[in-house]
Amino acid sequence: MPDHEAIYKNEAEIYDALITKQPALQMLINEIRPYAGLDIVDVGAGTGRLTTVLAGDARSIVATDASQAMLGIAANKLAAAGHTNWRTIAADMRELPLEEKSADLIVAGWCICYLGSSNNPSWERDIEKVMRELGRVLRPGGTIIIFETMGTGFEQPNPPDFLLSYYSALTEKFGFSHKWIRLDYQFDSPEQAEHLTDFFFGEDMERAGALSGRAYVPECAGVWWLHT
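Rules used throughout
Residues numbered from 1 in each chain as written. Predicted model: local features only at pLDDT ≥ 70, side-chain atom pairs only at ≥ 80, totals over all residues. Heavy atoms only, no water. Salt bridge = Lys/Arg side-chain N within 4 Å of Asp/Glu carboxyl O. Phe/Tyr/Trp six-rings, centres within 6.5 Å; stacked < 30°, edge-to-face > 60°. Helix = DSSP H or I, 4+ residues; strand = E, 2+ residues; numbered from the N terminus. Buried < 20%, exposed > 50% of the residue type's maximum accessible area, 1.4 Å probe, protein only. Lys NZ or Arg CZ within 6 Å of the ring centre and 35° of its normal. Polar contact = N/O pair within 3.5 Å; in protein donor to acceptor, adjacent residues only side chain to side chain. Arc of directions from axis to C-beta. Contact = heavy atoms within 4.5 Å. pLDDT = per-residue confidence, 0-100. Core = buried A, V, L, I, M, F, W, Y, C linked by side-chain atoms within 4.5 Å.

Caption draft 1: Molecular detail of the pattern of salt bridges. As enumerated under the stated definition, the model contains eleven salt bridges in all. If you follow the salt bridges from partner to partner, you end up with D39, R59, D104 and R139 in one network.

Now the structure itself:
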């Protein structure tokens, strides 16, 4: 498996090329919580996958991520789109440098899982810290929406074993509602599919037959949301 921490630090542009091959999520987010005119925080924002599509209708949006390189790409995209209601902050999601009760909506896409993996001996404590921080920053009546993988290369949910306890904690301990959706990759060519998936997921995708000479790769994602 490739080193994702190194990718986020040193190869953010290639990572951004990968995630742009999936559908945008603003319509789904708006169904869960209409976000026009809200103050939004995007935790683990990366290259701005969620930030860039929410900024146009938000009152304000703050993108936080541990990788300054990732945030640099997000900032460039936001500036190029002419948005002025945003800022980026390099930060650990367990200790957000944000004011209490400063957000109406918090989104977190494919990021909390790195702390929630059972391969992390302190995953339960770390998830507690993250949830405490999100609750601190959220205003009364606010909403938290979390996206995580439910299996890349699969037509039906097949989440990694090391994330199952974290996923159970979201619903059973923290009270989130949950559903799964399809977020399939649509690449420009089979060659691009092989290059970008190998870059991020490693050769397991090809060995499992998920590519098979196609420009399409199925992806299942989980959505968890909590209204306070």
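Caption draft 2: View of the packing of aromatic side chains. Under the criterion given, the structure shown has ten aromatic pairs. Relative to F200, the ring of Y15 has its centre 5.4 Å away and its plane inclined at 45°; by these criteria the two rings are tilted. Residue Y15 is found in helix α2 (residues 12-19), and its partner F200 is found in helix α9 (residues 190-201); the two are separated by 185 residues along the sequence. When its relative accessible area of 12% is taken as the criterion, Y15 is described as buried. Summarising the aromatic geometry, the rings of Y185 and F187 are spaced 5.5 Å apart at their centres and angled 5° between planes, so their arrangement reads as stacked. A network of ring pairs unites the aromatic residues Y8, Y15, Y114, Y185, F187, F200 and F201 as a single cluster. One cation-aromatic arrangement involves R49 over W110; the distance from NZ or CZ to the ring centre is 4.2 Å.

Caption draft 3: Up close: the side chain of S67. Within the secondary structure, S67 is located in the loop between β2 (60-65) and α5 (68-80). On the basis of relative accessibility, which here comes to 10%, the residue S67 falls in the buried class. Within polar-contact distance, the side chain of S67 engages the backbone oxygen of Y8 at 2.7 Å. A polar side-chain atom of S67 sits 3.1 Å from the main-chain amide nitrogen of M70.

Caption draft 4: Structural view of helix α8 (residues 164-172). For α8, the set of buried residues is Y166, Y167, A169 and L170. Seen end-on, α8 carries its buried residues on one side only, within an arc spanning 155°. For α8, the elements touching its buried residues are α6 (113-116), α7 (123-137), β5 (138-152) and β9 (219-227).

Caption draft 5: Quick peek at the confidence of the model for the protein chain. Summarising the model, the protein chain shows a mean pLDDT of 95, and 96% of its residues fall at 70 or more. Summarising per-element confidence for the protein chain, the mean pLDDT is lowest in helix α10 (residues 204-207) (57) and highest in strand β1 (residues 39-43) (99).

Caption draft 6: Spotlight on the nonpolar core. The biggest cluster of nonpolar side chains holds 35 residues, and the ones touching the most others in it are I106, I112, M131, L134, I146, Y166 and F176. Of all elements in the fold, only β1, β4 (103-109), α6, α7, β5, α8 and β9 reach the threshold of two or more residues within this core. Broken down by element, this core gets its largest block of residues, six residues, from α7. Dropping the residues within four chain positions of it, L134 is found in contact with V43, L96, I106, I112 and I144. Grouped together as the second largest cluster of nonpolar side chains are 23 residues, A55, I61, W110 and F147 included.

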